[in-house]
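So the chains spell out like this:
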Amino acid sequence: MGNIAFNPISALTDATLARIARDPDTSHLVRAIMSETEALARKLGIEMPITIDQRIAGAEKVGEHKTSMLQDLEAGRPLELDAIAGAALELSDRLGVPMPHTRAVYACTKLLEKQRGGRK
């Protein structure tokens, strides 16, 4: 639940976990993506072991940590975007679970990767 929200947002914003969690606008977006992910998990019969609030608080406690996706972007490596968000979006399409916030962030991150010369 954390990776699908925090990783692409960090790549788009060049922000650490703490910055994303503390900023009202990005924190709202994180919460929306996590809510979508939680709905998808429920559709699959999976109950999340912690709440969204607990997950965001945990990320904030990690501090000024760069996500692996941001580190990959900075190093010019391909992003794990499809493995993290693309797979969830594929499942959401098959199961009829809307994930508009996740899809928008995915599309922007995918374009960023193309612009930076990563995987097409």
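Counting restarts for each chain, with residues numbered from 1 along the sequence as it is written. The predicted origin of the model limits local features to residues at a pLDDT of at least 70 and limits the giving and counting of side-chain atom pairs to 80 or more, whereas totals for whole chains, interfaces and linings rest on all residues. Side-chain metrics rest on all non-hydrogen atoms present in the structure, leaving aside hydrogens and water.

1. A word on the side chain of Ser27
Here is the rule we go by: For the purposes of this entry, the term helix denotes a DSSP run of H or I that reaches at least four residues, the term strand denotes a run of E that reaches at least two, and both are numbered from the N terminus. Buried means the residue's accessible area, taken with a 1.4 Å probe over protein chains only, is under 20% of the maximum for its type, while exposed means over 50%, and partly exposed covers the values in between. Two residues form a contact once any of their heavy atoms are found within 4.5 Å.
Tracing the backbone through its elements, the reader meets Ser27 in helix H3 (residues 24-43). Looking at Ser27, the relative accessible area reads 12%, which means it is buried. Not counting residues up to four positions away in its chain, the partners in contact with Ser27 are Ile20, Ala21 and Ile56.

2. Some details on the confidence of the model for the protein chain
Note the following rule: You can read pLDDT as the predictor saying how much it trusts each residue, on a scale of 0 to 100.
Model confidence for the protein chain is summarised by a mean pLDDT of 95, while 98% of its residues fall at 70 or above. When pLDDT is averaged over each element of the protein chain, H3 comes out on top at 98 and helix H5 (residues 68-75) at the bottom at 95.

3. What about the side chain of Thr67?
For clarity, the cut-off: We define a polar contact as two N or O atoms separated by no more than 3.5 Å, with the added condition that, inside protein, one atom must be a possible hydrogen donor and the other a possible acceptor, whereas residues neighbouring each other in sequence contribute only through side-chain atom pairs.
With respect to the helices and strands, Thr67 occurs in the loop between helix H4 (52-62) and H5. Looking at Thr67, the relative accessible area reads 4%, which means it is buried. Of note is the side chain of Thr67, whose polar atom sits 2.4 Å from the side chain of Ser10. The contacts of Thr67, once residues within four sequence positions are left out, are Phe6, Asn7, Ser10 and Leu17.

4. A look at the packing of H3 against helix H7 (residues 100-115)
The condition is simple: An axis is simply a line fitted to the C-alpha atoms; with a helix, the fit covers only the stretch in contact. Between two such axes, the angle follows the N-to-C directions and lies from 0 to 180 degrees. The residue classification treats Ala, Val, Leu, Ile, Met, Phe, Trp, Tyr, Cys and Pro as nonpolar and Asp, Glu, Lys and Arg as charged. All others, Gly included, are polar.
With their axes 7 Å apart at the nearest point, H3 and H7 run at an angle of 115 degrees to one another. Here H3 contributes Leu29, Ala32, Ile33 and Glu36 to the contact with H7, which in turn contributes Pro100, His101, Thr102 and Val105. Here the residues of the contact of H3 with H7 sort into five nonpolar, two polar and one charged.

5. Quick notes on the pattern of salt bridges
Oppositely charged side chains may form a pair once their charged atoms are brought near each other. For clarity, the threshold we go by: By definition, a salt bridge exists where a carboxyl oxygen of Asp or Glu is found within 4 Å of a side-chain nitrogen of Lys or Arg.
Tallying each qualifying case throughout the model produces nine salt bridges. The closest approach of N and O atoms between Arg22 and Glu64, which form a salt bridge, is 3.3 Å. Taken together, the positions of Arg22 in helix H2 (residues 17-22) and Glu64 in the loop between H4 and H5 put the pair 42 residues apart, joining distant regions of the chain. A salt bridge links Asp72 to Arg77; the shortest N-O distance between them is 2.9 Å.

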